[in-house]
Amino acid sequence: MNACHIPTVHKYRRGKVFITESPSHLMNEKEAELIGMHIGDGTLYKTNSGTIVWEQRGSIGEQEYYKHVANLIKEILNVDVKPKFRGSNSYGIQTTNKS
């Protein structure tokens, strides 16, 4: 598995910016894929009662895709999630910080 380097930005005088890559900032391809998926189709929010909710939703035709998302979550975070219908026209995953 290849690692993706996350650049560290260092600002220099007179507005010049230098970007370096640090070995302490590595992310593998599966982690990068999950983050990209969440940026595209996900949301993270806190309810009025203080519950933190992580969601990723798509159309009902994307059931196979969300099985893949669930497998990535299990592999990366060791958390079991089950995709399901979310309303009449969406399908996806939702998990919270509740026990």
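First, a word on what this report is: a plain description of the structure on this page.

Reading guide: rules and limits
Residues numbered from 1 in each chain as written. Predicted model: local features only at pLDDT ≥ 70, side-chain atom pairs only at ≥ 80, totals over all residues. Heavy atoms only, no water. Helix = DSSP H or I, 4+ residues; strand = E, 2+ residues; numbered from the N terminus. Buried < 20%, exposed > 50% of the residue type's maximum accessible area, 1.4 Å probe, protein only. Areas by Shrake-Rupley, 256 points an atom, 1.4 Å probe, with all protein chains shown as cover. Pairing = 2+ DSSP bridges. Contact = heavy atoms within 4.5 Å. Expected span 1.5 Å × (residues − 1). Polar contact = N/O pair within 3.5 Å; in protein donor to acceptor, adjacent residues only side chain to side chain.

**Observations regarding the overall build of the protein chain**
1) Next: For the protein chain, the helix and strand inventory stands at two helices and six strands.
2) Next: Along the chain direction, N to C, the helices and strands of the protein chain fall in the order β-β-α-β-β-α-β-β.
3) Next: Going through the 99 residues of the protein chain one by one, you find that 23% of them count as buried.
4) Next: As presented, the protein chain carries roughly 7300 Å² of accessible surface, and 52% of it is formed by carbon and sulfur atoms.

**Considering unusual backbone geometry**
1) Next: For Asn 78, which is not glycine, the phi dihedral falls at a positive 55°.
2) Next: Here Asn 78 shows up in the loop between α2 (63–77) and β5 (84–85).

**Here's the deal with the sheet that holds β5**
1) Next: Read from one edge of the open sheet, four strands run β3-β4-β6-β5, paired in antiparallel fashion. If you trace the sheet from one side to the other, it starts and ends with β3 (42–46) and β5, each paired once.
2) Next: One ladder, built from five bridges, connects β3 with strand β4 (residues 52–59); its direction is antiparallel. Opposite Gly 42, over in β4, you have Gln 56 as the bridge partner.

**Side note on the environment of Thr 95**
1) Next: Topologically, Thr 95 is positioned in strand β6 (residues 90–96).
2) Next: Beyond its immediate stretch of four places on either side in the chain, Thr 95 contacts Ile 52, Val 53, Trp 54 and Val 81.

**Concerning the pairing of β6**
1) Next: Judged from the seven bridges that link them, β4 and β6 form a sheet pairing that is antiparallel. The residue of β6 that forms the bridge with Gly 58 is Tyr 91.
2) Next: Taken together, the two bridges between β5 and β6 define a ladder with antiparallel strand orientation. Bridge assignment links Lys 84 to a residue of β6, and that residue is Gly 92.
3) Next: Between β5 and β6, which pair antiparallel one after the other, the connecting turn spans four residues, and Gly 87 there sits at a positive phi close to 85°.

**Considering the environment of Gly 61**
1) Next: By the element assignment, Gly 61 lies in the loop between β4 and α2.
2) Next: On the accessibility criterion, Gly 61 (69% relative accessible area) is exposed.
3) Next: For the pair Gly 61 and Tyr 91, spaced 30 residues apart in sequence, the C-alpha separation works out to 7.9 Å.

**Examining helix α1 (residues 29–41)**
1) Next: Here α1 is 13 residues long and its end C-alpha atoms lie 18 Å apart, about the 18 Å a rise of 1.5 Å per residue gives.
2) Next: Against β3, β4 and α2 lie the buried residues of α1.
3) Next: Of the residues that open α1, the one with a side-chain oxygen 3.0 Å from the backbone nitrogen of Lys 30 is Asn 28.

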